[in-house]
Amino acid sequence: QKSHNFQLAPADVPAALWADREFVRLALGHSPSLLQHAAEHLRDDASLCILARSDSDCLKHCSARLQDDRDFVLACIETAANNLRYASARLRRDPAVVISAIKTYNYNTRYADPSLFSNRAVALQMVQANGDTLESLSEALRDDDEIVHTAIATGLNVYRHVSPRLQASTAVLFVSGIHLQKVW
């Protein structure tokens, strides 16, 4: 039996097929980014949309209901952390969702609600998950001993975001593993 391979541009696929659940399921198995072409009612189907979660734009093409579904968003973030940018405003204010996203991709701090960066308890959890988050915290929290020590424990590259007062602190330098040598 002879097999023929050819590809159609998504725009050339009849709308009726993009409205067919089985066709879209098969299409997503081939390329998760094809979710954007699915009919509106299928972009509200969590069991179908989850098949596209490895696509960094998955949530962009899902319904508003799914963009606000905490469990669905967490599953999408687990696979492609930068999906946070398409989560609902409510979930971008949710510390657990944001922390999950920044664990693997600090860049997500730009999509999180700014109020989280001045909340000490949340900030401490953020730097525990990813020390690079220190860069996004309020000035006051970048001058907080515990938060700074926690962030520095994850890696030295955060040192440049520490407040000037703490940068000059021998304790911070010691925790950072920076050894001072007297040079004459």
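Residues numbered from 1 in each chain as written. Predicted model: local features only at pLDDT ≥ 70, side-chain atom pairs only at ≥ 80, totals over all residues. Heavy atoms only, no water.

### Details of the state of the cysteines
With the rule as written, the count across this model stands at 0 disulfides. Free of any disulfide, Cys 49 has its nearest neighbouring cysteine sulfur in Cys 62, separated by 3.9 Å. In this structure Cys 49 comes out as buried when scored by relative accessible area, which is 0%. The structure places no disulfide on Cys 76, whose sulfur is separated from the nearest cysteine sulfur, that of Cys 58, by 3.9 Å. Residue class for Cys 76 comes out buried when judged on its relative accessible area of 0%. (Disulfide = S-S within 2.5 Å. Buried < 20%, exposed > 50% of the residue type's maximum accessible area, 1.4 Å probe, protein only.)

### A short note on the packing of helix H8 (residues 120-129) against helix H9 (residues 145-154)
Interaxial distance between H8 and H9 falls to 8 Å at its minimum, and their mutual angle equals 15°. For the element pair H8 / H9, the angle class is roughly parallel. Taken as a pair, H8 and H9 cross one another with a handedness that is left-handed. Of H9, the residues touching H8 (which contributes Arg 120, Ala 123, Leu 124, Val 127 and Gln 128) are Glu 146, Ile 147, Thr 150, Ala 151 and Thr 154. By residue class, the composition of the contact of H8 with H9 is 5 nonpolar, 3 polar and 2 charged. (Axes fitted to C-alpha atoms, helices over the stretch in contact; angles between N-to-C directions. Helix = DSSP H or I, 4+ residues; strand = E, 2+ residues; numbered from the N terminus. Parallel < 35°, antiparallel > 145°, perpendicular 65-115°, else oblique. Left-handed = near helix turned anticlockwise from the far one by under 90°. Contact = heavy atoms within 4.5 Å. Nonpolar A, V, L, I, M, F, W, Y, C, P; charged D, E, K, R; others polar.)

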